[in-house]
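# Fold and geometry: a report
Listed here are the chains, written in short residue letters.
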Amino acid sequence: MRPLQKALQEHELIVLRVMGEWYDLDLTGEDKAACVTALAEGLAQLDFAQEMMCLGPEEAAAVQTLVQGNGRSPVATFERIHGEVRLMGPGALEREEPWFDPISPVESLWYRGYVYRGFDETAEGMIEFYYLPDELFARLPQPEKPKVVKEKVAAPAKPTKESKAKSASPSKQIQPEPTAVANLKPVPEPNRYTPANSSAVDDLTTLLALAQRTSLRREALDLLKQLLLNPDADRRSLLLNLAREMGMLREVNGGIRPTRTAVSWLTKSREAQLRDLMDAWSSSGWNDLCHTPGLSCEGDQWRNDPILARTALLDALPQTPDWYRLGDLISQIKQTDPDFQRPDGNYDTWYVRDEAQESYLTGIENWDLVEGRLLAFLVQGPLFWLGLAETAVLGPQTLFRLTDRALEWLANAPPATKEITTPIIVQPDATILVAHNASRHHRFQVARISEPQPVALGKPYAYQITPASLKQARAEGIEPDRILTFLQEASERPLPAATKRGIERWRERGVEGKLETAVILRVREAGILETLRTNPKTRPFIDESLGDLAATVRLENWEKLREAAAQLGLLLDSTVQ
């Protein structure tokens, strides 16, 4: 990280003279520059490996931690394990003389000139480290590299720890470093579990279609609960965020609309579409931590990198189809890589609140409530949503296993590109049925010319051709003749005569009939209706007459009519719910 000469310059002169006494260097009367030069020359000549053998076990363990970290360790992490160094000015150093009674192994190493402290630029920003100077680190045996479990080829979307900061750039392909994964113990397959599914593809198709029709403005969001197979708000947020990052949605006048990239994605096979979503999620800026159940991220004075957590999880996942305890996986990561999302090891700077306790979760003692919950959410949320994992709950334990789709993705095997799809069905009542294994591109096109009906699990998507949907299609440049051609080609059969005639009649005559929701006012005598029609208090609420004894009232006006009639001394009964 730094050479001895530069490291020593960070110390006060009195500390340099104390270090000199360890190596029989009389630095009394020397200025700082001379002390630095003499100490650098003396320390560089040490047989540091031999010196290590003379250290106490705690000091040796501290040095070994730095060696394992390629010569350095974040200050917060290192001090949590090996203790701290009391940083003092020249006056306090002369009074306290801490080198005579060090409070930790680190402080003992500090005043012997073995361990230093300084900031360094990392992929996550500037981080303060304890470190071994280059000359000392080079004289120690280097740690063995972990045994390779399975070598991977280039995979630009699945970042490694060394490349996570660069992974967000789609123009650069990253070569992952193979990692060793400690053995987790498989458990028997549970009798009941939640199987994986690929509905993320179907719901994203629905979102793209709704964006085409409504630009997904706020007033259109109420439709989503009845149109999505899984209306979970966090899942919907993830899908929309991925679509934006993949270039499938663009901003337009207060809303979002699909792009040509979306059309290209819709024409792919289901497995290829899922693979695109997996790759996008692995490098996405969507903040899993802030969507973790039970946690609330507050304030804008801090930030976390969501890619770090995904990287740690993907590195730790056992690449087998066996079932495992989710708690065991979390415990393994806690033991081997506890600071996976906090590279500086500092657990006191984030404003993450426990929603149940209304308290902020700081300190490593709350690791299970923050990091542990996040890891569990990554498996039960995004991994499950994208069809990568199956889960089961057995009492207090949660089990999981990776799907074949996940194992192929982690092994960088290409997804299946061929898919058997079924044609759409056009019915005589102008309803269009689209099976879940139909072409998503066809369903997207159907949604452009018809109105979606509430989705029902286990049943095909249903769409209704209406004058309003035909009018909107024409506004987008889709004429009735083109609609007829598309429906016949996508259904692979002649159109029902009634549906074809209905579209043609609309083309020639426009709207020929309209269904409305209204309240019927019935009176016992014609004079009562005439009074209500002519009185200025009630007249605005009466619409079309239905003979001498009945008239229509708009649904939003019936209560106003009843109140106004009561002021005239006429009490109206009502069965309106």
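Residues numbered from 1 in each chain as written. Predicted model: local features only at pLDDT ≥ 70, side-chain atom pairs only at ≥ 80, totals over all residues. Heavy atoms only, no water.

### Describing the confidence of the model for the protein
Caution applies to low-pLDDT parts of the model: their predicted coordinates are not meant to be read in detail. Filter applied, for reference: One number per residue, pLDDT, summarises how confident the predictor is, and it ranges from 0 to 100. Only heavy atoms matter for contacts: two residues are in contact if any of them lie within 4.5 Å across the pair.
Per-residue pLDDT for the protein averages 87, and the proportion of residues at 70 or more is 92%. For the stretch residues 146–181, pLDDT sits under 50, and the model shows 66 contacts to residues farther than four places along the chain or on other chains.

### Examining the sheet that holds strand 2 (residues 116–122)
Going by this rule: Here, a strand pair is defined by DSSP locating no fewer than two bridges between the strands. Here a helix means four or more residues in a row that DSSP labels H or I, a strand means two or more in a row labelled E, and each is numbered from the N terminus. The convention used is that axes are lines fitted to C-alpha atoms, helices contributing only their stretch in contact, and that angles between N-to-C directions extend from 0 to 180 degrees.
Strand order in the open sheet made by the three strands is 1-3-2, with antiparallel pairing throughout. Two strands bound the open sheet, and with one partner strand each, they are strand 1 (72–74) and strand 2. For this sheet the average axis-to-axis angle between neighbouring strands, irrespective of direction, equals 45°. On top of the sheet, helix 6 (residues 75–82) reaches strand 1, strand 2 and strand 3 (125–131); it is set at about 95° to strand 1, its chief contact.

### Quick notes on helix 2 (residues 13–22)
Note the threshold: The buried label goes to any residue with under 20% of its type's maximum accessible area, the exposed label to any with over 50%, and the partly exposed label to all in between, with areas taken from a 1.4 Å probe on protein chains only.
Turning to helix 2, its buried residues number three or more, namely Val15, Leu16, Val18, Met19 and Gly20. Those residues of helix 2 hidden inside the fold are in contact with helix 1 (4–8), helix 3 (32–44), helix 7 (90–96), helix 8 (105–110) and strand 2. Within two residues after helix 2, Asp24 carries a phi angle of roughly 55°, on the positive side.

### Things to note about the sheet that holds strand 9 (residues 359–360)
Spatially, three strands are ordered 6-8-9 in an open sheet, and the strand pairing comes out antiparallel. Edge positions in the sheet fall to strand 6 (295–297) and strand 9, since each of these pairs with one other strand and no more. In this structure, strand 8 (residues 352–354) lies alongside strand 9, joined through two bridges in antiparallel fashion. Directly across from Asp354, in strand 9, lies its bridge partner Ser359.

### Remarks on the nonpolar core
Put simply, the rule is: By nonpolar core is meant a set of buried Ala, Val, Leu, Ile, Met, Phe, Trp, Tyr and Cys residues that side-chain atoms within 4.5 Å join together.
Of all hydrophobic cores here, the largest spans 94 residues; its most connected members are Leu204, Leu208, Leu329 and Leu487. Here this core takes eleven residues from helix 17 (residues 367–385), the largest share from any one element. Formed by 40 residues, the second largest nonpolar core is a distinct cluster that contains Val15, Tyr23, Phe48 and Trp99.

### Considering the environment of Ala233
The topology assignment puts Ala233 in helix 12 (residues 233–245). Here the alpha-carbon distance between Ala233 and His291, two residues 58 residues apart in the chain, equals 9.6 Å.

### With respect to the packing of aromatic side chains
Defined as follows: Aromatic contacts are taken between Phe, Tyr and Trp rings whose centres are within 6.5 Å, Trp giving its six-membered ring; a plane angle under 30 degrees counts as stacked, one over 60 as edge-to-face, and the others as tilted.
For the structure shown, the criterion picks out twelve aromatic pairs. Between the aromatic rings of Phe78 and Tyr130, the centroid separation amounts to 5.2 Å while the plane-to-plane angle is 45°, which identifies the pairing as tilted. Residue Phe78 is found in helix 6, and its partner Tyr130 is found in strand 3; the two are separated by 52 residues along the sequence. When the ring of Phe340 is compared with that of Trp367, the centres are 6.3 Å apart and the planes differ by 85°; the resulting orientation is edge-to-face. Of this pair, Phe340 sits in the loop between helix 16 (326–336) and strand 8 while Trp367 sits in helix 17; the two residues are 27 residues apart in sequence, bridging distant segments of the chain. Classification of Trp367 as buried rests on a relative accessible area of 1%. Grouped by ring-pair contacts, the aromatic residues Phe78, Trp110 and Tyr130 constitute a single cluster.

### Points about unusual backbone geometry
The phi dihedral of Glu358 is positive, around 55°, even though this residue is not glycine. Look at Glu358 and you get exposed, because its relative accessible area is 57%. One non-glycine residue with positive phi stands out, namely Ala430, at about 70°. Checked against the element boundaries, Ala430 lands in the loop between strand 12 (425–426) and strand 13 (431–434).

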